[in-house]
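Structural overview
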Amino acid sequence: MATINPIQFIQQVRAEVAKVVWPTRREVLLTTVMVLIMAALTAAFFAMVDLLIRGGLTALLSMFG
């Protein structure tokens, strides 16, 4: 395994970090809002599925009880 010079390593890390394109405040806000909307829609979907399954099981079990 090749040994890495710590100074060279730090220079390479700084060069890579300089290449990073950071999102703007607007992009962060928009993606955050989209995540919250998708989370709310997913929660609503699974709540509806839960209600349907519970209703179906209750109806099925009431036939035998």
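Placed above this text is the structure.
Residues numbered from 1 in each chain as written. Predicted model: local features only at pLDDT ≥ 70, side-chain atom pairs only at ≥ 80, totals over all residues. Heavy atoms only, no water.

**What about the overall build of the protein?**
Let me state the cut-off plainly: Helix and strand definitions here come from DSSP, where helices need a minimum of 4 consecutive H or I residues and strands a minimum of 2 consecutive E residues; each element is numbered from the N-terminal end. In this treatment the radius of gyration is a C-alpha quantity, and the globule benchmark scales as 2.2 Å times the residue count to the 0.38 power. For every residue, the accessible area obtained with a 1.4 Å probe (protein chains only) is divided by the maximum for its type, and the residue is called buried under 20%, exposed over 50%, and partly exposed between those limits.
A tally of helices and strands in the protein yields two helices and zero strands. In terms of C-alpha radius of gyration, the protein reaches 26 Å, well past the compact-globule figure of 11 Å for 65 residues. Considering only C-alpha atoms, the protein reaches an extent of 75 × 40 × 10 Å along its principal axes. Evaluated residue by residue, the protein yields a buried proportion of 0% over its 65 residues.

**Side note on the packing of aromatic side chains**
Spelled out, the test is: We call Phe, Tyr and Trp rings a pair once their centres come within 6.5 Å, taking the six-membered ring for Trp, and we label the pair stacked below 30 degrees between planes, edge-to-face above 60, and tilted otherwise.
In this structure the tally under the stated criterion is one aromatic pair. Look at Phe45 and Phe46: their rings are 5.1 Å apart centre to centre, the planes differ by 70°, and that puts the pair in the edge-to-face class.

**Remarks on a nonpolar patch on the surface**
Going by this rule: Patches were defined on residues exceeding 30% relative accessible area and lacking a salt bridge, with like-charge contacts within 9 Å and nonpolar side-chain contacts (Val, Leu, Ile, Met, Phe, Trp, Tyr) within 5 Å. Accessible surface area values rest on a Shrake-Rupley calculation with a 1.4 Å probe, where residue burial reflects the displayed protein chains alone. Note on definitions: salt bridges are taken to be side-chain nitrogens of Lys or Arg within 4 Å of carboxyl oxygens of Asp or Glu.
A contiguous nonpolar surface patch, about 710 Å² in accessible area, is contributed by Ile4, Phe9, Ile10, Val13, Val17, Val20 and Trp22. The exposure class assigned to Val20 is partly exposed, which follows from its relative accessible area of 38%.

**Some words on the pattern of salt bridges**
Per the stated rule, a full pass over the model turns up one salt bridge. Put simply, Lys19 and Glu16 hold a salt bridge, and the shortest N to O gap is 3.2 Å. Note on Glu16: relative accessible area 48%, which makes it partly exposed.

**With respect to the environment of Phe9**
Along the chain, Phe9 falls in helix α1 (residues 6-18). The exposure class assigned to Phe9 is partly exposed, which follows from its relative accessible area of 44%.

**Describing the environment of Ala43**
Tracing the sequence through the fold places Ala43 in helix α2 (residues 25-64). Note on Ala43: relative accessible area 49%, which makes it partly exposed. Taking the C-alpha atoms as reference points, Ala43 and Thr31, twelve residues apart in sequence, are found 18 Å from one another.

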